[in-house]
Amino acid sequence: LAASDIVFQGPNGPLKTGSELSYRLRFSEDINASTLSTSQVVNVATSGAASLSNISVQELSPGLVEVRATATSTSQSAAIQLGFNTTSATAIRDIAGNAMSTGQVVDQQTYTVDGQAPTLTGVTQAGTMSGVGSRVEYTLQFSEALDPSSVTSADFATSQVAFVEAPQVEGN
């Protein structure tokens, strides 16, 4: 198993907390599926690493293994880089019982998991209202880019606002 034999399958697009990740690992020969273990799967990203949970490892066909895991993060940007750790005690073995070389095989690609929802950071009104029924436009600023397909007019509401004139005060 070489790093180039680890292929990210998805999901496509931005990864967020709760995303189920899928990888395929291609071995040079059939392996003994009973020597595969979820404890061999690790995130080797060195800074701002996300957590992996709900890990499953399954041989799909001779020499082809699928790894699934759920990515979790509470930070704005956390890294996932899949690694496969084996020791002499946890070696992956072929059908004849020969152990794969021990050590760590790491995916060549690092993926970013967004663990925080965007927050509203500013509102700017364009122009001024000039009477009943006039149109007012607002620009909203968020802490990060939004997926345009996730925002619709139903996400926004208007309400009636009663304007009250300030009373005039006379005297000293």
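One can find the structure itself at the top, above this paragraph.
Since the structure is predicted, the reported quantities are computational estimates derived from the model, not experimental observations.

Caption draft 1: Quick peek at the pairing of strand 10 (residues 111–114). Residues of strand 10 alternate between two faces, with Tyr111 and Val113 buried on one and Thr112 and Asp114 left unburied on the opposite face. Judged from the two bridges that link them, strand 2 (residues 15–16) and strand 10 form a sheet pairing that is parallel. Among the inter-strand pairings, lysine 16 is bridged to a residue of strand 10, identified as aspartate 114. Examined bridge by bridge, strand 7 (residues 78–80) and strand 10 share three bridges and lie antiparallel to one another. Each bridged residue has a counterpart across the sheet, and for isoleucine 80 the counterpart in strand 10 is tyrosine 111.

Caption draft 2: Main features of the sheet that holds strand 10. The mixed open sheet is built from three strands, whose spatial order is 2-10-7. If you trace the sheet from one side to the other, it starts and ends with strand 2 and strand 7, each paired once.

Caption draft 3: Spatial organisation of the side chain of asparagine 43. Examined against the element boundaries, asparagine 43 turns out to sit in strand 4 (residues 41–43). A distance of 3.0 Å separates a polar atom in the side chain of asparagine 43 from the backbone oxygen of alanine 79. In terms of polar contacts, asparagine 43 uses its side chain to reach the backbone amide nitrogen of glutamine 81, at 2.8 Å. Once residues lying within four places of it in the same chain are set aside, the contact partners of asparagine 43 are Ala49, Ala50, Leu52, Ala79, Ile80 and Gln81.

Caption draft 4: Spotlight on a nonpolar patch on the surface. A grouping of Leu120, Val123, Tyr138, Leu140, Phe142, Leu146, Val151 and Phe156 is seen on the molecular surface, where their side chains present a nonpolar patch of about 690 Å² in accessible area. Secondary-structure elements contributing two or more residues to the nonpolar patch are strand 11 (120–126) and strand 12 (137–142). At three residues, strand 12 tops the list of elements feeding residues into the nonpolar patch. The residue phenylalanine 142 is located in strand 12 in this model.

Caption draft 5: Focus on the sheet that holds strand 1 (residues 6–10). Spatial ordering of the open sheet is given by 1-3-6-5, a layout of four strands whose pairing is antiparallel. Strands at the two margins of the open sheet, each flanked by one partner only, are strand 1 and strand 5 (51–61). Taking the axes of each pair of neighbouring strands and ignoring which way they run, one obtains an average angle of 25° across the sheet. Note: strand 5 against strand 6 (residues 64–72), eight bridges, orientation antiparallel. From the neighbouring strand, glutamine 58 faces strand 6, where its bridge partner is glutamate 66.

About the criteria used
Residues numbered from 1 in each chain as written. Predicted model: local features only at pLDDT ≥ 70, side-chain atom pairs only at ≥ 80, totals over all residues. Heavy atoms only, no water. Buried < 20%, exposed > 50% of the residue type's maximum accessible area, 1.4 Å probe, protein only. Helix = DSSP H or I, 4+ residues; strand = E, 2+ residues; numbered from the N terminus. Pairing = 2+ DSSP bridges. Polar contact = N/O pair within 3.5 Å; in protein donor to acceptor, adjacent residues only side chain to side chain. Contact = heavy atoms within 4.5 Å. Patch = residues over 30% accessible without salt bridge, like charges linked within 9 Å, V, L, I, M, F, W, Y side chains within 5 Å. Areas by Shrake-Rupley, 256 points an atom, 1.4 Å probe, with all protein chains shown as cover. Salt bridge = Lys/Arg side-chain N within 4 Å of Asp/Glu carboxyl O. Axes fitted to C-alpha atoms, helices over the stretch in contact; angles between N-to-C directions.

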